[in-house]
Structure formats: structure tokens, C-alpha cells
Amino acid sequence: MKSLFFIIRKTLKNITKGAFKKPLVLVGYIFVLLFVILMVLMSFFMPSELVRSSSPGLFKGIVTLAFAFMYFTYLRIGIDKGSTYFRMADVNLAFTAPIKPNKIMLYAFIKQIGSTLLFLFIAICQIPNLKNNFAMYSYAAAVILLAAVLFALSYPLINMALYSWASKKAKRKKSLKWAFNIFAIAVVALALIDLAKTRDIGKTIESVLNNPIANYFPVIGWTASIANAAVTGFTLEFWVGLIAMTGLIVGVSIALYRMKLDYYEDVLEGTEYVEAAVKAKREGNNMRFNLKVKENVKQKISGKGAVALFYKHLVEIRKTSLFLFFDRASITVIVSSIIFKLVFPENLDNSLTLLIILAFALYMQLIMQIQGKLNTELDKHYIFLIPESSQKKLFYATLAEHIKNLIDGSILFIISGVMFKAPVPVIIACALTYTIFGAVYIYTDVFSMKIFGGVHSKGLLIFLKFLVNFLIIIPGVIAAVLAGIFTESTFLAVCALGAWSLILAITLFMLSSGILNNLESAG
């Protein structure tokens, strides 16, 4: 084990030395650290119920739904690809070393503890928002983070066990897939039946996912019960969940350690999948990783010069879309935005309802578009050789995304406008503002590449782009709030926000256009 611990120590030292050797990267890490510290302080010390006081049952339902979705997603992928704690470097070096597989498994498990930091970061960012809407105990942040850690440690073990069992026979894999699908269909069916009765998605989440069956359901219910202690206290459900999850992780780990293991082939496919995902993340393409690409898309690539880029990107969007320009990012933004409003209080003005949906949709749009498609175009030299102006090339290279944003925004706000009976001018203003903000995100991405093109970490670059986007949007939010207060008009508030986003989009376009002058300017 000394050699394996040496690898872990050496990896940590190399990461630290690499950060200090690159000042720009070090500044980025300092910003990340300060942001994490701020989130931690807010999570542990900010008061609860600043916005409203929702029922503990709704909190328990939301938490159970979140863990059910994460377990379902990871385990469903694990059945096909397998799960692993390993990387290809481990396959090439550790697997071939004269070390027992049991000790290599222990080494991988220790490495996995470090990867739980990602789940902790995600959980920390959500705790302040939860505190704004629910009454929580002083130890709420601690139990939510504990649940996130147990989730991150447990799902690879469960995945490995399921994949090892299912890979022996093809029928087993099909049976597991059917079991997962039936489980998902049953939950959705129960939710739809209840929603038809209550007409309230908040009450539906509470009634379907906050009951003894859900609370004590193996793995999902156990993990959720630990996080639910944030609003319910240390109840029997918490202790059952904590003991069961701890026993599951420790028991499976000890069993694997003591068994005569031969798991190398079982984890190989999962390791290759993880390696491909890490590569996509480093290249800034993880939002588009593992997308299914259609082969038979009937659309000709026409146009000359820079215009050909527009048609090329139209074809690429359609190849990864479910229907025309409607892809999984569109579904995520539209569905999550409407659900977000449905859990809000109902005593709001119809126009104000659309403004709330717009605010959340812009937040989701930022997450979906933080990795622009122009990144992959700049990796090739062809775009730099087109004999057109840099401004024209940049416009046509991003025009397809603008059209997609317009279609997504129109669908979202037409559906929302009909559901909440909002005025037509507000619907149009929201759709246009959504489209223009998409342009802001796109050109902020391009401008960030122009400035920080030399940053070696794409994850750090994405964080910096998030930070820049939030800072430049603040004046527009202030303008919208002031317009709403002084005019008492939601329409003018949306127009103020849209006007600021238009100014930003034009300014960022002009500042970014020089990136296509030569290869060096693209970093």
C-alpha cells in the first residue's frame, strides 16, 4: 500500500505546484476558494425563512426526488457502462503491478473520497436557497453535506455490484433495465394521478414522495432521510438512514476487500467511459458529452464564405436534437422553469409570474450555454482561413444558436403565457429578452476565450465565465427593479432588462470579434 499512498501524495503535490507556477490559474483558484468560503458561511450562519416558510413535507419531497433522480441516472448508466473508481492511468500502472486487487480497490476508494468535493460544492451552493424557503435547524448544512458524501461514496459500489452481476448474462442486464424503467414509470404515473386531483405540483411532490414507503425505501429513502433531518430533526428516519447507508458502504467495501476479486474486466468499460467524460470536461465539452448523433438529417449545407458556417451549425444542432432544434437542453430549461414557478405561491400577478419564470430560465440558460459551440470551431483552422471580416464570421458562426434560443424562448413563454394568462406584450418581451441574454452568454464565452485563452483548466475558465456573467448582469437587474418599482409595470421591467442585455450583447460582440483575426488571439 505504500506505493499507492505515494501516488496519492505525489498527485496532490503536483496539483499544488502546478497552481503556484501559473499566476493566472492561481488567481482563479483563489476566486473559487473565496466563493466556496462565502457559500459555507452562508450555509451555516444565514437565517432561515428569509423569503417564505414552506412546509417540511415539501422539503422532504424535493430532497427525495433529487436523490431518486441522481441514483436512477447514475445506476442506469452503470448498468450499460459499468461503474468504476479508476482512471486509465490506474489500468495501465496499478492493474499490472504486483499488488493484490483488494488493496488496489482500497486505494481507489480513498481517491473517491476526494471526488466527493464536487458533490459537496453543489450541495453548499443550494443550501442558502433552501434556507430562504424553509425553516431549518442550526445543523441543517451539516446533515445535507453528510447525505451528499454518502451518496458519492455509495453509488459506485452499488454500480459495480450491479454491473458485475448483470454482465454475466445478457438477460440480467435487460431485466435490470426493465426494473428501473418500471420503477420510474410507476413514480411518474402516481405523480400524474395525484397532480390531476390537486392541480398543485408542490402538494403532489409532498404527497407522493413524503410518506413512510419513500422515507424507508432502500438507498434512496435512506439517503434522503439523512438530509431531511435539516427540517425534521434527528428522528427515527434519520438514524435508520444513517445506520443503513453506513452499513451498506462499510459492508460492501469490506466484502470486496476480503473476496477473491477479479473485477478488472468488469470496471474496464466504465473506466473508458469516465476517461472520455474527463477529456470532454477538460476540453469544455462536457455539456455535449455522450449526445446521440443522428446520421440521416436531410438538410443541405449551402452558402458561401462565412454563411456556410451558419448552415453547418444548423445541421449540427439538428443532428443532436430530438426534433428540429428541440434538444435536451431545451427540455431542461423549459420544464425546470415552469416547475420552478409551480412551487411558488399562487397569489402573484400573471405578468409577475412570467418575470419569475424568465429569471429562472436565464439562470438555467447560463448553465446550458456556458460551453458555447464556437469552442469546437476554434480548435480547427478553417474558420480563420475564410476570406471574410472577423465580425461577419463571428456573427454567422453564432447565428444558429441565436435562432435556437429564439425558438426555445418562444415555446417557453407561449406555454407559460397560456398557463398563467399573461398579456401578449409581456410574453413577447420575455421571449426576446431570453433570446438576447443567450447572445450575451455566447459573446461573454467568446470574450472570455479571447482574454483567458491560455488558462489550462477548462473548469476554471467556466467558473470565470460564470463570474463575469453575474457581474455584468447586475446593472440590468437593478434597472429592471427600479423600472418595476417606479412604473408598477412588469412589461417595462422586462424591457429594461432586455435593453441592458442588448447593450451588453452588442458591446461584447464588438470586443470579441477580433478573436478570429488569427490563431494566436483564440488562445
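Notes on the structure follow. All values derive from a computational prediction rather than experimental measurement.

**Looking at the overall build of the protein chain**
Here's step 1: Within the protein chain, the regular secondary structure consists of 21 helices and 0 strands.
Here's step 2: Relative to its full complement of 523 residues, the protein chain shows a buried share of 44%.
Here's step 3: Taking as baseline every contact in the protein chain between residues at least 6 positions apart, the subset at least 24 positions apart corresponds to 80%.
Here's step 4: For the protein chain, the exposed area adds up to about 26,900 Å²; of that, 70% sits on carbon and sulfur atoms.

**Structural notes on a nonpolar patch on the surface**
Here's step 1: Taken together, the side chains of Leu471, Ile474, Val477, Ile478, Val481, Leu482, Ile485 and Phe486 make up a nonpolar region of the molecular surface, amounting to roughly 790 Å² of accessible area.
Here's step 2: We classify Phe486 as exposed; its relative accessible area is 67%.

**Comments concerning the packing of helix 7 (residues 170–198) against helix 8 (residues 201–209)**
Here's step 1: It is at 9 Å that the axes of helix 7 and helix 8 come closest, and there the two elements cross at 135°. By the angle between their directions, the pair helix 7 and helix 8 is classed as oblique. For the element pair helix 7 and helix 8, the recorded crossing hand is right-handed. In this structure, helix 7 uses Leu190, Ala191, Asp194, Leu195 and Thr198 to contact helix 8, whose residues at the interface are Ile201, Lys203, Thr204, Ser207 and Val208.

**So, the state of the cysteines**
Here's step 1: Inspection of the entire model under this criterion finds 0 disulfides.
Here's step 2: Left unpaired, Cys430 is separated from the closest cysteine sulfur, that of Cys495, by 9.0 Å.
Here's step 3: For Cys430, a relative accessible area of 0% translates into the label buried.

**Here we look at the nonpolar core**
In a soluble, globular protein the nonpolar side chains are often hidden away together inside.
Here's step 1: Counting 47 residues, the largest nonpolar core has Phe59, Phe67, Tyr71, Ile144 and Ile226 as its most contacted members.
Here's step 2: Looking at this core, the elements that each hand over two or more residues are helix 3 (56–81), helix 5 (101–133), helix 6 (140–166), helix 7, helix 8, helix 10 (220–232) and helix 11 (236–258).
Here's step 3: The greatest single-element share of this core, amounting to 14 residues, is contributed by helix 6.
Here's step 4: Beyond its immediate sequence surroundings of up to four residues, Phe59 is in contact with Leu130, Phe134, Met136, Ile144, Ala227, Asn228, Ala230 and Val231.
Here's step 5: Judged by nonpolar contacts, the second largest core, of 26 residues, contains Leu358, Phe360, Leu412 and Tyr441.

**A closer look at the pattern of salt bridges**
Here's step 1: Going through the model one piece at a time under the given rule, you end up with 3 salt bridges.
Here's step 2: With its nearest N and O atoms 3.6 Å apart, the salt bridge here joins Lys60 to Glu237. With Lys60 in helix 3 and Glu237 in helix 11, this residue pair connects regions lying 177 residues apart in the sequence. Each of the two residues, Lys60 as well as Glu237, counts as buried.
Here's step 3: Across the pair Lys404 and Asp408 runs a salt bridge whose closest N-O atoms are separated by 2.7 Å. Placement of the pair is Lys404 and Asp408 together in helix 18 (residues 390–420), with a separation of 4 residues, close to one helical turn.

**Examining helix 18**
Here's step 1: Between its first and last C-alpha atoms helix 18 spans 44 Å; for 31 residues at 1.5 Å apiece the expected length is 45 Å, and the two agree.
Here's step 2: Where helix 18 bends most, the angle comes to about 40°, and this point is Leu399.
Here's step 3: One or two residues past the end of helix 18 sits Lys421, with phi positive at roughly 55°.

**As for helix 8**
Here's step 1: Among the residues of helix 8, those classed as buried are Ile201, Gly202, Thr204, Ile205, Val208 and Leu209. Down the axis of helix 8, the smallest arc covering the buried residues is 165°, so these residues share one side.

**Description of a positive patch on the surface**
Here's step 1: A surface patch of positive charge is lined by Arg9, Lys10, Lys13, Lys17 and Lys21.
Here's step 2: Position of Lys17 relative to the elements: it lies in helix 1 (residues 2–21).
Here's step 3: Exposure remark for Lys17: the relative accessible area of 49% places this residue in the partly exposed category.

**Looking at the packing of helix 13 (residues 307–319) against helix 18**
A packed helix pair is summarised by two numbers, namely the angle formed by the two axes and the spacing between the axes.
Here's step 1: Packing of helix 13 against helix 18 leaves a shortest axis separation of 7 Å and a crossing angle of 30°. With respect to helix 18, the element helix 13 is oriented roughly parallel. In this structure, helix 13 crosses over helix 18, and the sense of that crossing is right-handed. Facing Val307, Leu309, Phe310, His313, Leu314 and Ile317 of helix 13, the residues of helix 18 in contact are Lys393, Tyr396, Ala397, Leu399, Ala400, Glu401, Ile403 and Lys404.
Here's step 2: Partitioned by chemical class, the residues of the contact of helix 13 with helix 18 number 10 nonpolar, 1 polar and 3 charged.

Definitions and cut-offs
Residues numbered from 1 in each chain as written. Predicted model: local features only at pLDDT ≥ 70, side-chain atom pairs only at ≥ 80, totals over all residues. Heavy atoms only, no water. Helix = DSSP H or I, 4+ residues; strand = E, 2+ residues; numbered from the N terminus. Buried < 20%, exposed > 50% of the residue type's maximum accessible area, 1.4 Å probe, protein only. Contact = heavy atoms within 4.5 Å. Areas by Shrake-Rupley, 256 points an atom, 1.4 Å probe, with all protein chains shown as cover. Patch = residues over 30% accessible without salt bridge, like charges linked within 9 Å, V, L, I, M, F, W, Y side chains within 5 Å. Salt bridge = Lys/Arg side-chain N within 4 Å of Asp/Glu carboxyl O. Axes fitted to C-alpha atoms, helices over the stretch in contact; angles between N-to-C directions. Parallel < 35°, antiparallel > 145°, perpendicular 65-115°, else oblique. Left-handed = near helix turned anticlockwise from the far one by under 90°. Disulfide = S-S within 2.5 Å. Core = buried A, V, L, I, M, F, W, Y, C linked by side-chain atoms within 4.5 Å. Expected span 1.5 Å × (residues − 1). Bend = angle between axes of the 7 residues up to and from the residue. Arc of directions from axis to C-beta. Lys, Arg positive; Asp, Glu negative; His and termini not counted. Charge placed at Lys NZ, Arg CZ, Asp CG, Glu CD. Nonpolar A, V, L, I, M, F, W, Y, C, P; charged D, E, K, R; others polar.

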